[in-house]
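What the coordinates show
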Amino acid sequence: MQYSTHASAENDEPPHRNKHISAPMNPQHYKSIASNASFLISAQLIVRLLRGFYIVLLIRYLGPELYGIFQYVQNWYVTFTPLTLFGIGAILSREIGKNAQNGKDIIATTFITRFLSGLFFSVGALILGLLTEPDPDIRHLMIIFAALIFARALVNWIKEVFIAYEKTKYHVVQVTLSNVLQIALGVGVMMQGGGMVALASVYIGSLLLEFFICFIFIHRKIIQLHFELNARKINTIIRQGLPIGITVALNRWMLFGPTIIGRYALDYKSNLGQISVVLLLLFFASLIVDAVLSAALPVLSRMMHQQKHGSSAFINLTLSLAIPLCCFIALGGTAFSDEIILILFGADYALAGSILGPALWLLLPYMWISAISQMFILKHDTLRLSFWALLGALWMSGLLPVLILKYDILGVIFAIGIGMGITVCGLCYHGLKRGYIHPLHFKKMAALGGAALLTYICAQNYVSPAQSFALSALVLLPFIIRLAQHAVRTRRAQHKEHLS
């Protein structure tokens, strides 16, 4: 195969040679990122709206106790799913982004790797779950959910192919039809009084049908697939992608691990459902971040291939803009957390409203981890990336039971924050040292976010939370205006280039 199995040469060069920012992207690069990002974000918004509607029905239908069990079993398998990824999405985007002809050599191999890994981890997670779970009802549900890893692994491969070939408009159709089908079948099950087993079967069946239809579409419309079982090629994919897959799994563990650990540390008949709702909302928000960065990866791969040294202006800009953006989201969530939970899930989940505000602050370190990880992947520096992700996950897992005993359900948020903080600090240290990152306007954005936070805290002593949020939003208004003006200028530049 034509793709490299070794770290790029720049990793062996002195750090000072990398400490500059790459040349700015031309309007065509931004246009490609904006186009694909818009489709991916649209897909995520459609999915979140449809699944959000369905999950609200599901949460209300099952209630806190049964939903806590349902989400625990689902998260058990979702936690293992990233291990099937093997960084295939990043490898496809990186190699096809450089040269679309690389797809002929790599795409079939990645599918075989994903198919076999999905089967292996589905069986392995089921066996481990049955050995460790004493509750017979949960064990029964685990058997039904066992195919979830396999189904999600295949559906993720479909999405990664669309992203790599920059055909993300088809991904919008894919997720829309799949979720509409799941909602229709799920609502039918609820109307018939079905239980968790039937609802789990609907979910898995919808995913498998989604895969089969999209697989045929890719074969006929994008690239003809010719499968060849080549152990050497599969081994190459695994060696390249395993550190990336482990990193993704560890980052997902930050959001799903607390539910699994909480099965034993919390009262899983009550509080487990409360924390599951909060982490689910946080996960939905994180997917928007992942969508933008995934859309940018093929373009960034082409740029890094053409320019061996330096960091990415797009990634650096993302790091800086994340500060006021996350500040706005977190302050809004803090001000209206009780109302959000009450409207969406009902009074039974009032406890979740008390921790939603603090939980939304976790979006900032999550965005930084995701953005910096892209640079480490592009630079083939994945072992160091995996190390810091592992260290953060271990600290989170170890502190979780201790902090739950001290702070009850709020201790979950503290433990995740410490774990993410460790990972961010480690990645920033090495990213700055090796010249991978150089945050643009970091001090200005940090000062802006700090001013908004201080305004909110001070205003709380005199006005309502909603009014405090409005005042803090006024502090962020210049940032919002400048961002809008930048978007307009970029759009005009693209239009002039198109006319010329």
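Preceding this paragraph is the structure being described.
This write-up is about the structure you can find in this document. (Residues numbered from 1 in each chain as written. Predicted model: local features only at pLDDT ≥ 70, side-chain atom pairs only at ≥ 80, totals over all residues. Heavy atoms only, no water.)

In this section: the overall build of the protein. Scanning the protein from terminus to terminus reveals 16 helices and zero strands. Here the protein holds 500 residues, and the buried ones make up 55% of them. Excluding contacts between residues fewer than 6 apart, the proportion of contacts in the protein whose partners are at least 24 apart in sequence is 85%. (Helix = DSSP H or I, 4+ residues; strand = E, 2+ residues; numbered from the N terminus. Buried < 20%, exposed > 50% of the residue type's maximum accessible area, 1.4 Å probe, protein only. Contact = heavy atoms within 4.5 Å.)

For the rest of this paragraph, the subject is the state of the cysteines. With the rule as written, the count across this model stands at zero disulfides. Of all cysteine sulfurs, the one in cysteine 425 lies closest to cysteine 428, which takes part in no disulfide; the gap is 6.8 Å. (Disulfide = S-S within 2.5 Å.)

Quick look at the packing of aromatic side chains now. Using the criterion set out here, one finds 19 aromatic pairs in the structure. Taking 5.4 Å as the distance between ring centres and 55 degrees as the angle between the ring planes, the aromatic pair formed by phenylalanine 211 and phenylalanine 212 counts as tilted. An angle of 90 degrees between the planes, with centres 5.1 Å apart, marks the rings of phenylalanine 376 and tyrosine 436 as edge-to-face. Of this pair, phenylalanine 376 sits in helix H12 (residues 363–378) while tyrosine 436 sits in the loop between helix H14 (410–433) and helix H15 (442–459); the two residues are 60 residues apart in sequence, bridging distant segments of the chain. Take phenylalanine 376 and tyrosine 436: they sit in the same class, and that class is buried. Three or more aromatic residues joined by ring pairs form one cluster here, namely Phe111, Phe115, Phe150, Trp157, Phe211, Phe212 and Phe215. (Phe/Tyr/Trp six-rings, centres within 6.5 Å; stacked < 30°, edge-to-face > 60°.)

Let us look at the nonpolar core. The biggest cluster of nonpolar side chains holds 134 residues, and the ones touching the most others in it are Tyr67, Phe70, Tyr77, Phe145 and Trp157. Ranked by the residues each element gives to this core, the list is headed by helix H1 (residues 27–80), at 15 residues. Residue contacts for tryptophan 157: discarding those within four places in its chain leaves Ile88, Ile107, Thr110, Phe111, Arg114, Phe215, Ile218 and Leu225. (Core = buried A, V, L, I, M, F, W, Y, C linked by side-chain atoms within 4.5 Å.)

This part takes up the packing of helix H5 (residues 148–164) against helix H7 (residues 196–221). Two elements in contact, H5 and H7, have axes whose closest approach is 9 Å; the angle formed by their N-to-C orientations is 35 degrees. For the pair H5 and H7, the crossing hand works out as left-handed. On the side of H5, the interface is formed by Leu148, Phe150, Ala151, Arg152, Leu154, Val155, Trp157, Ile158, Val161 and Phe162, while H7 contributes Tyr203, Ile204, Leu207, Leu208, Glu210, Phe211, Cys214, Phe215, Phe217 and Ile218. (Axes fitted to C-alpha atoms, helices over the stretch in contact; angles between N-to-C directions. Left-handed = near helix turned anticlockwise from the far one by under 90°.)

With that settled, the discussion passes to the pattern of salt bridges. One pass over the structure, following the stated rule, counts three salt bridges. Between glutamate 160 and arginine 114 there is a salt bridge whose closest N-O contact spans 2.9 Å. Here the residue glutamate 160 occupies a position in helix H5, and arginine 114 occupies one in helix H3 (residues 103–132), the gap between them amounting to 46 residues. By relative accessible area, which is 12% here, glutamate 160 ends up buried. Close ionic contact of arginine 384 with aspartate 381 constitutes a salt bridge, the shortest N to O distance being 2.6 Å. Taking relative accessible area as the criterion, arginine 384 reaches 26% and is therefore assigned partly exposed. Residues joined in a network through salt bridges with shared partners are Asp381, Arg384 and Arg434. (Salt bridge = Lys/Arg side-chain N within 4 Å of Asp/Glu carboxyl O.)

A few words now on the packing of H5 against helix H6 (residues 168–191). It is at 7 Å that the axes of H5 and H6 come closest, and there the two elements cross at 150 degrees. One way to sum up the angle between H5 and H6 is to call them roughly antiparallel. The hand of the H5/H6 crossing is left-handed. Taken together, the residues of H6 that come into contact with H5 (itself represented by Val155, Ile158, Lys159, Phe162 and Ile163) are Thr168, Tyr170, His171 and Gln174. Among the residues forming the contact of H5 with H6, the class breakdown is five nonpolar, three polar and one charged. (Parallel < 35°, antiparallel > 145°, perpendicular 65-115°, else oblique. Nonpolar A, V, L, I, M, F, W, Y, C, P; charged D, E, K, R; others polar.)

Let us look at helix H13 (residues 382–407). The terminal C-alpha atoms of H13, which comprises 26 residues, lie 35 Å apart, in line with the 38 Å expected from a rise of 1.5 Å per residue. The sharpest bend along H13 measures roughly 40 degrees and falls at leucine 400, with the proline proline 401 sitting one to four residues further on. Of all the positions in H13, only Thr382, Leu385, Ser386, Trp388, Ala389, Gly392, Ala393, Met396, Leu400, Leu403 and Ile404 are classed as buried. A positive phi of about 60 degrees marks aspartate 408, the residue just after H13. (Expected span 1.5 Å × (residues − 1). Bend = angle between axes of the 7 residues up to and from the residue.)

What follows is about unusual backbone geometry. Phi angles above zero are rare outside glycine, and aspartate 408 is one such case at about 60 degrees. For aspartate 408, the position within the fold is in the loop between H13 and H14. The class of aspartate 408 is partly exposed, set by a relative accessible area of 39%.

Quick look at the environment of alanine 352 now. Structurally, the position occupied by alanine 352 is in helix H11 (residues 350–360). Here the alpha-carbon distance between alanine 352 and isoleucine 341, two residues 11 residues apart in the chain, equals 7.0 Å. Excluding residues that lie within four positions of it along the chain, alanine 352 makes contacts with Gln274, Val278 and Ile341.

Coordinates in, geometry out; function isn't part of it.
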